[in-house]
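# Geometric and topological summary
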Amino acid sequence: MKLAFSTLGVPGLPLPEVVRLAADHGYQGVELRAHPEEPVHLGLSSLERADVVEAFKAAGVEILTVAGYVQVAAEGDDEAVSAELAELLKLARDLGARYVRVFPGGDQDPADADATAARRLGSAAPAAADMGVTILLETHDSHRAGADVARIAGTVGHPRVGAVWDVLHTWLADEDPTATHAILAPHLGYVQVKDVASPTDLTPLPLGTGTLPLAACLELLDPDTWVCWEYEKRWHPDAADLPGLLSAGREHLLRLGAPKG
């Protein structure tokens, strides 16, 4: 199992410190939140992008994903969505990231939302292929079940369009992990894990101290699958700080992912 963590858990932390945390705590990769309030965003110059690459390369840590906020199923004109997605792909290419993460954000009739997302993702797929980047649609908001995201990815039918399995949202959708994995497996890029107390209290908790079925999810995965801890500190500032939890979280994930029997 290859482990990463998201910078959503360390909001605003300078990149040298992010890299140090990953290297010191045994995480092979990082999911970089691409947002104007973060060190990594679409406005980075070519020189700044090169500096990011060098910092990660020197530490032997991989940039797994550029986590964008494009809503590919949202109502409205395609042009703005496609333009932002194109810039995210260029950023991922320049940083050497495997993936760009996007959200559904479907705010229209479900069938229309599916068609909108499939059209936009299909349009972006050739450019993604040229850049060596894969676009991953996360199980989230309007499409929180694996079946929802697989429906769109299957319609697109392009190897550079896949899925992120956010285990919180499929759990909130009351979808069994076995069913989620079965339907997402042909499209799966990686898995985001987290833990919470209940469906009504989504404050992030240390892994293994909440109610999410992490063991049931991880035991289904191919050993080479990336698993990323998305600790939502940015949205819950009173939650415990992530750096002090990273080592125990890593050990917990490795125990859950160890071969059984």
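Heads up: the structure comes first, above all this text.
The following paragraphs examine the structure supplied in this document.

Rules and cut-offs
- Residues numbered from 1 in each chain as written.
- Predicted model: local features only at pLDDT ≥ 70, side-chain atom pairs only at ≥ 80, totals over all residues.
- Heavy atoms only, no water.
- Axes fitted to C-alpha atoms, helices over the stretch in contact; angles between N-to-C directions.
- Helix = DSSP H or I, 4+ residues; strand = E, 2+ residues; numbered from the N terminus.
- Parallel < 35°, antiparallel > 145°, perpendicular 65-115°, else oblique.
- Left-handed = near helix turned anticlockwise from the far one by under 90°.
- Contact = heavy atoms within 4.5 Å.
- Nonpolar A, V, L, I, M, F, W, Y, C, P; charged D, E, K, R; others polar.
- Buried < 20%, exposed > 50% of the residue type's maximum accessible area, 1.4 Å probe, protein only.
- Polar contact = N/O pair within 3.5 Å; in protein donor to acceptor, adjacent residues only side chain to side chain.
- Pairing = 2+ DSSP bridges.

### Some details on the packing of helix H3 (residues 78-95) against helix H4 (residues 110-131)
Where H3 contacts H4, the axes come no closer than 10 Å and their chain directions differ by 25°. Judged by the inter-axis angle, H3 sits roughly parallel to H4. Our pair here, H3 against H4, has a crossing hand that is right-handed. Facing Asp 78, Val 81, Leu 85, Leu 89, Lys 90 and Arg 93 of H3, the residues of H4 in contact are Arg 119, Arg 120, Ala 124, Ala 128 and Met 131. A breakdown of the residues in the contact of H3 with H4 according to their chemical character gives six nonpolar, no polar and five charged.

### So, the environment of Asp 241
Inspection of the secondary structure puts Asp 241 in the loop between strand S8 (226-229) and helix H9 (246-257). The exposure class assigned to Asp 241 is exposed, which follows from its relative accessible area of 51%. Spatially, the C-alpha atoms of Asp 241 and Ala 34 are 20 Å apart, while their sequence positions differ by 207 residues. A distance of 3.0 Å separates the side chain of Asp 241 from the side chain of Lys 233, its partner in a polar contact.

### A word on the sheet that holds strand S5 (residues 134-138)
Spatial ordering of the closed barrel is given by S1-S2-S3-S4-S5-S6-S7-S8, a layout of eight strands whose pairing is parallel. Mean inter-strand twist for the sheet, computed between neighbouring axes without regard to direction, equals 30°. Pairing geometry for strand S2 (residues 29-33) and strand S3 (residues 62-71), over five bridges, is parallel. Bridged to Gly 29 within S3 is Glu 62.

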